[in-house]
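Results of the structural survey
Here is how the chains run, residue by residue.
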Amino acid sequence: MAGDGTIGKACDVLDQVAAFARPVRFAELLESSNFPKATLYRFLQTLTNQGMLSYDPDRQTYTPGLRLVRLAHAAWTQSSLAPIARPFLDALSRETGETVHLAQLDSNQVLYVDKRNAAQPIEMYSQAGKVGPAYCTGVGKAMMAFLDEAALDRAVSQQSYHRFTDKTLTSEAALRADLHLIRSRGYAVDDEEHEPGIICIACPILTSGGRMLGAISVTGSTERMNFDQLETWVPRVRRVAEQIGAEAQAWRFPETRPSADTDRMQAT
């Protein structure tokens, strides 16, 4: 992370350790690191001393530390929609019997912040805490479609446009056309664009002022259903998204309004 100095480099090391999703040895980290051996070791030592990483001397491996877990939990409860949305996700999952996702944008990619598995679970990429592409997922497109113009331009320019399947949108023009349609009808679809056999419908979570907070989706498998069947859930998913948005705005994401002093200054 150029320009972020020591803190940015330390965060890169944390990301690297976390990406292995298992205890990892120094040699493995060094193999994929951009840092020299001595620099990487120094960062690992500092992060371990600060409790951000944990070191097992018997196995000689690093894992995310308890301090990092505490910080992650605080972020989850204070910044994510997950605690607010939990009862709504539970109800929607019971009602549909299908996989339900809750997502937010993180650096213009999809961060899955919560998930409910289907009654008959299907294997798919998404897991709570995972980051995925925005341009070829239902939740990602639902969120991008409701960004303001400047934020949308940034988000669209930062997509990779890698072709995951024959149906993946692979150009900015194709994505923008799809986002225009999504905004007009109020929901997005993923028609096997990210994973073969996986389809979904997704609705944005908005405040009353139209600020985009996240998205919710219902996901199914083409082995069990088609789009006509899945789209019957659109009104229910839209209603759940509205409920989460209202709850979030009342509790944690209030619309900013000019103060009385600001009003007087603008009037003069």
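The notes below deal with the structure included here. (Residues numbered from 1 in each chain as written. Predicted model: local features only at pLDDT ≥ 70, side-chain atom pairs only at ≥ 80, totals over all residues. Heavy atoms only, no water.)

1. Section: the packing of aromatic side chains
Per the counting criterion, the structure on display carries five aromatic pairs. A cation over an aromatic ring shows up here: Arg-42 above the ring of Phe-43, its NZ or CZ 5.9 Å from the ring centre. Positioned above the aromatic ring of Tyr-187, the side-chain terminus of Arg-185 is 4.6 Å from the ring centre. (Phe/Tyr/Trp six-rings, centres within 6.5 Å; stacked < 30°, edge-to-face > 60°. Lys NZ or Arg CZ within 6 Å of the ring centre and 35° of its normal.)

2. Considering the packing of helix α7 (residues 149–157) against helix α8 (residues 172–185)
Contact geometry for α7 and α8: axes closest at 11 Å, N-to-C directions at 140°. Relative to α8, α7 is oriented oblique. The interaxial crossing formed by α7 with α8 has right-handed handedness. On α8, the residues that touch Leu-152, Asp-153 and Val-156 of α7 are Glu-172, Leu-175, Arg-176 and Leu-179. Taken together, the residues of the contact of α7 with α8 sort by class into four nonpolar, no polar and three charged. (Axes fitted to C-alpha atoms, helices over the stretch in contact; angles between N-to-C directions. Helix = DSSP H or I, 4+ residues; strand = E, 2+ residues; numbered from the N terminus. Parallel < 35°, antiparallel > 145°, perpendicular 65-115°, else oblique. Left-handed = near helix turned anticlockwise from the far one by under 90°. Contact = heavy atoms within 4.5 Å. Nonpolar A, V, L, I, M, F, W, Y, C, P; charged D, E, K, R; others polar.)

3. Remarks on the sheet that holds strand β1 (residues 24–25)
Taken in spatial order, the three strands make up an open sheet running β1-β3-β2, and their pairing is antiparallel. With one partner strand each, in any of the chains shown, β1 and β2 (53–56) form the two edges of the open sheet. Along the sheet, helix α1 (residues 5–19) makes contact with β1, β2 and β3 (61–64), crossing β3 at roughly 100°. (Pairing = 2+ DSSP bridges.)

4. A short note on the sheet that holds strand β9 (residues 212–221)
Read from one edge to the other, the open sheet built from six strands follows the order β6-β5-β4-β9-β8-β7, with strand pairing classed as antiparallel. Here the strands that pair on one side only, and so sit at the sheet edges, are β6 (131–132) and β7 (188–191). In this structure, strand β4 (residues 99–106) lies alongside β9, joined through five bridges in antiparallel fashion. Each bridged residue has a counterpart across the sheet, and for Val-100 the counterpart in β9 is Val-218.

5. Examining the environment of Arg-59
Relative to the elements of secondary structure, Arg-59 occurs in the loop between β2 and β3. Residue Arg-59 is classed as partly exposed on the basis of its relative accessible area of 49%. Taking the C-alpha atoms as reference, Arg-59 lies 8.8 Å from Pro-23; in sequence the two are 36 residues apart. Discounting residues that sit within four places of it in the chain, Arg-59 has contacts with Pro-23 and Arg-25. (Buried < 20%, exposed > 50% of the residue type's maximum accessible area, 1.4 Å probe, protein only.)

6. Digging into α7
For α7, the full list of buried residues reads Ala-151, Leu-152, Ala-155 and Val-156. Along the long axis of α7, the arc covered by the buried residues comes to 130°, so they all point the same way. Of the residues in α7, the exposed ones pointing more than 90 degrees away from the buried face are Glu-149 and Ser-157. Check the buried side of α7 and you find it contacts α6 (138–144) and α8. Regarding α7, its N-cap is Asp-148, as a side-chain oxygen of that residue lies 3.2 Å from the backbone nitrogen of Ala-150 further along. (Arc of directions from axis to C-beta. Polar contact = N/O pair within 3.5 Å; in protein donor to acceptor, adjacent residues only side chain to side chain.)

7. Examining the pattern of salt bridges
Here the structure, examined in full by the defined rule, presents 13 salt bridges. Note that Arg-116 and Asp-90 form a salt bridge whose closest N and O atoms lie 2.6 Å from each other. Here Arg-116, found in strand β5 (residues 109–116), pairs with Asp-90, found in helix α5 (residues 82–96); they are 26 residues apart in sequence, far enough to count as distant. In this structure, Asp-153 and Arg-176 form a salt bridge, with 2.8 Å as the shortest nitrogen-oxygen distance. With a gap of 23 residues between them, Asp-153 in helix α7 and Arg-176 in helix α8 connect regions that are remote in the sequence. (Salt bridge = Lys/Arg side-chain N within 4 Å of Asp/Glu carboxyl O.)

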